[in-house]
Amino acid sequence: MEVQTELRPSILIIEDDSSLLLTYTALLEDQFRIYTAESGEKGIKRFQQEEINIILLDLRLPDMDGMEVLRRAKMIDENVDVIVITGNNSVRTAVDAIKLGAYDYIVKPFENDEVLSLLWRTLERQNLMREVLYLRSEVSRHLNLGNIVGQSEKMCQIYDLICRVADTNATVLIGGESGTGKELIARAVHQQSQRRPKPFVAVNCAAISETLIESELFGHERGAFTGAVEKHIGKFELANTGVLFLDEIGSLRLEMQAKLLRILQEREFERVGGTKTIRIDVRIVAASNENLFDMVKAKTFREDLYYRLNVIQIQVPPLRERKGDIPLLIDHFLAKYNQEFNRKVQGFNQAAMQALVHYHWPGNVRELENVIERLVAINADGILDMEALPMDLISLRDKAVDDIFSSGVSLKEASAEFDRHYILKALEKSRWNQTEAAKRLGIHRNTLMNKMDALDIRPDGNSSI
Ligand SMILES: Nc1ncnc2c1ncn2[C@@H]1O[C@H](COP(=O)(O)OP(=O)(O)OP(=O)(O)O)[C@@H](O)[C@H]1O
Ligand SMILES: [Mg+2]
């Protein structure tokens, strides 16, 4: 019995009204371990002494502003979930509290069920966060893929594939849009393989001029061409016994493709201007953000080389197809840039997080990383909201909701306004045929007529005003 009691989640209630304190205790003590404090000062003290899962905080306290209590609690443990309790007429304050890092708020008078379900939801999120942290550490421990963030099914399939092919010497071809993490995956293949202690040499084929690429890859002998004053060791030789990563391989010209094919087949080559044959043992990992198969069809990429490279194919999905990874990546980049810039940006409020998750990220993870880097650089700390986000990230719908919200109308008025516009649109599209409009809206015609009546929409389409 004793043990079970200890396992219950703990809640600290900071509330000066003793009859309310009794109400909370009666409501919660069956399911939670309850600590109470009737002033801000005592509450903070309690929080420092006990292991607390959630703080329920009345914003109006005799000795201290509730906001101050919130700020102090967050200073003691920035991850604590604080739920603020507020009167019906001070919802604005609750919104301010959320900006300061409160997790949610409850408006008095409240329904018991509402409080209980909010508490359990909060605890569920805490469990999920812990699980994510655990899984992340497990993944990095077992696979040593620690710097690749993402738990989506598609990414897990990729981790699985990396593990299965790493210890073969098979050539790997990595495809995917720009910024999806192809280079990171190439490095993971190397890290997971027995070649790990040996070099990983990366060559960006698109960044080297056509005239230089041959000597970059194969090296040259002294005097091989004008300007070749010294012998130069190429990337193939540098990567010997390790991995050579040929990035943007689609930009190699056909002539170089032929030379590359020969090396892949024979595992030997000569330096430019040299006669000595050099044998190498190099594993090739190649990447391209162009579709090489399309290039083969267009005859700009050699078919035989394509099949040589395409032994194991890893296709990295664009970020918009694994939206579940976005919050994890955001956490990862926040931690990275907070440390780099010595900042304390905690995260995003719900609306901003939603905007970030729903954006289509044409530049993929690289674009996300750049956005977070910029936001951490220009904001010192706190929880960022929509206004902090770059304009092009916010969809017009989010923006419209934001504007309506700023105008201060109630949810009822805002919903009515939306219904009005939506119904008018359906009626217009149906040339004011109510049966058809009701069908488009997915409601019964009688319901439509009632709504039109309530919203002052005239059945003939003429303005009622
Ligand atoms: N899953 C991920 N976890 C953590 N960081 C990532 C992830 N994917 C990409 N990144 C980061 O995003 C940036 C872009 O990744 P990378 O250079 O590997 O992309 P790429 O697919 O090679 O892009 P490009 O085709 O433009 O060369 C890098 O800074 C990388 O560290
Ligand atoms: Mg790259």
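Up top is the structure.
Residues numbered from 1 in each chain as written. Chains lettered and ligands numbered in written order. Predicted model: local features only at pLDDT ≥ 70, side-chain atom pairs only at ≥ 80, totals over all residues. Heavy atoms only, no water.

Engineer: How would you summarise the site of ligand 1 if you had to cite specific residues and measurements?
Structural biologist: Contacts to ligand 1 come from 18 residues, most closely from Ser-178, Gly-179, Lys-182, Arg-366 and Glu-369. Between ligand 1 and Thr-180, the relevant distance is 3.3 Å, taken from an oxygen atom to a main-chain nitrogen or oxygen of the residue. Separating an oxygen atom of ligand 1 from a side-chain N or O atom of Arg-366 is a distance of 2.8 Å. When ligand 1 is considered free in solution it has 630 Å² of accessible area, and contact with the protein chains removes 86% of it. Counting only elements with at least two residues in the shell around ligand 1, the list comes to helix 8 (182–192), helix 14 (325–341) and helix 16 (364–378). Split into classes, the residues belonging to the shell around ligand 1 amount to 6 nonpolar, 6 polar and 6 charged. (Near = heavy atom within 4 Å. Polar contact = N/O pair within 3.5 Å; in protein donor to acceptor, adjacent residues only side chain to side chain. Areas by Shrake-Rupley, 256 points an atom, 1.4 Å probe, with all protein chains shown as cover. Helix = DSSP H or I, 4+ residues; strand = E, 2+ residues; numbered from the N terminus. Nonpolar A, V, L, I, M, F, W, Y, C, P; charged D, E, K, R; others polar.)

Engineer: Hey, could you go over the pairing of strand 2 (residues 33–37) for me, with residue numbers and the actual values?
Structural biologist: Regular strands show a simple pattern: their side chains alternate between the two faces of the sheet. Every second residue of strand 2 is oriented toward a common face, the buried set being Arg-33, Tyr-35 and Ala-37 and the non-buried set Ile-34 and Thr-36. Relative to strand 2, strand 1 (residues 10–14) runs parallel, the two being bridged by 5 bridges. When the sheet's bridge partners are listed, Ile-14 is paired in strand 2 with Ala-37. For the crossover that starts at strand 1, traverses helix 2 (residues 18–28) and ends in the parallel strand 2, the hand is right-handed. (Buried < 20%, exposed > 50% of the residue type's maximum accessible area, 1.4 Å probe, protein only. Pairing = 2+ DSSP bridges. Right-handed = clockwise from strand over helix to strand, strands pointing away.)

Engineer: Which residues make up the side chain of Glu-367, and what values do they have?
Structural biologist: Looking at the secondary structure, you find Glu-367 in helix 16. Despite its burial, Glu-367 remains without a salt bridge, the nearest opposite charge being carried by Arg-374 at 6.9 Å. Here Glu-367 is in contact with Tyr-359, Trp-361 and Pro-362, once residues within four sequence places are set aside. (Lys, Arg positive; Asp, Glu negative; His and termini not counted. Salt bridge = Lys/Arg side-chain N within 4 Å of Asp/Glu carboxyl O. Contact = heavy atoms within 4.5 Å.)

Purely geometric numbers; function is a separate question.
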